[in-house]
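As a plain string of letters, each chain reads:
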Amino acid sequence: MRVSIATAPGGANPNEDWVAATPTLAVVLDGLSTAGLDTGCRHGVPWYVAQLGGHLVAALAESGRPLADGLAQALDQVAALHPGCDLGNPGTPSATVSVLRARADNFDYLVLADSPIVFERANDYQVVTDLRVDTVVPELRAETERFATGTPEHAESVRRMVEAQRLTRNTPGGYWVAASTGEAARHALAGTVPLAEVRAAAVLSDGVSRLVTEYRAASWADTFATLREAGADGLISSVRKVEATDPNGLRWPRFKSGDDATVAFCQLP
């Protein structure tokens, strides 16, 4: 498998996405925004995603290991790195996880939360994503859409939404992300797709996939054409060009004017 990767911050703050690839593996993590709220951790989200990503790649060095088992091990290992932090805080650093692994006859995939894996097939596209977060506190999500991005009112509404979301994070009936225990790995979407059915695949953070799913400024066919013609960096540039036409989030209400954006584009020989 040939993998090209790119990642870029959404603004002046440090990038909270993380990406890595090997000839058989692609991993994308998207750290969850803290909205300025306390996390109980002195390290921060960029540290967390870097540690989790590195441990996850190492845990999956054994090619036959179930992806969920590797994620569970990595989560527990990272938790052991900062026992002095309050890992019971509902805002403890956390992330989405998307993993694609090529084996002899199949792709294995794992998706935890809303960073999708998209398979390009001969006649259609298969999108694997977990949108359970969209079902919690919908009234507060709607409130954020009333205000222009970058205004004090918008920032305060996002803070209230994130604070409420945290109470449902990694709970029955809520939504699941990678955080402080390996249990979250059991709630990931995992499966296999025959290699013979796939032309290419893209592992994306939602800062990129929104070009199709939220902005509706491109189709998945357009997305894969851009990846082939301009590469992973070119796809991120396409997202930024669209966002630049709506910097205040009036046409496409969103939590940030530009989100961290990450791509792993996987092609077969």
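Residues numbered from 1 in each chain as written. Predicted model: local features only at pLDDT ≥ 70, side-chain atom pairs only at ≥ 80, totals over all residues. Heavy atoms only, no water.

**Student:** Outline empty space enclosed by the protein, listing residues and values.
**Tutor:** Taken as a whole, this structure holds one cavity of 30 Å³ or more when the rule is applied. For the lining of the largest cavity, the class distribution of residues is three nonpolar, five polar and two charged. (1 Å grid on protein atoms, 1.4 Å probe; cavity = no way out; pocket = protein on both sides within 12 Å on 5 of 7 lines; lining within 4 Å. Points joined across faces, edges and corners; volume = space filled by probe spheres on them. Nonpolar A, V, L, I, M, F, W, Y, C, P; charged D, E, K, R; others polar.)

**Student:** I'd like to hear about the layout of surface pockets, residue by residue, with values.
**Tutor:** Considered as a void within the structure, the largest pocket measures approximately 1000 Å³ in volume. Along the wall of the largest pocket there are 41 residues; nearest its centre are D114, R141, D206, R210 and F255. Every element with two or more residues in the lining of the largest pocket is listed here: β3 (25-31), α3 (138-144), α4 (152-166) and α5 (206-213). For the lining of the largest pocket, the element with the highest residue contribution is α4, accounting for six residues. For the lining of the largest pocket, the class distribution of residues is 17 nonpolar, twelve polar and twelve charged. Lining the second largest pocket are 13 residues; nearest its centre among them are N13, P14, E16, S33 and K256. (Helix = DSSP H or I, 4+ residues; strand = E, 2+ residues; numbered from the N terminus.)

**Student:** Hey, could you go over the pattern of salt bridges for me, with residue numbers and the actual values?
**Tutor:** A full pass over the atoms with the stated rule returns 18 salt bridges. Between E156 and R159 there is a salt bridge, with the nearest N and O atoms lying 2.7 Å from each other. Of this pair, E156 and R159 both sit in helix α4, three residues apart, roughly one helical turn. A relative accessible area of 25% places R159 in the partly exposed class. Its salt-bridge partner being D206, residue R210 comes within 3.6 Å of it at the nearest N-O pair. Note that R210 and D206 are positioned in helix α5 at a spacing of four residues, about one turn of the helix. Summarising the burial analysis for this pair, R210 and D206 share the class buried. (Salt bridge = Lys/Arg side-chain N within 4 Å of Asp/Glu carboxyl O. Buried < 20%, exposed > 50% of the residue type's maximum accessible area, 1.4 Å probe, protein only.)

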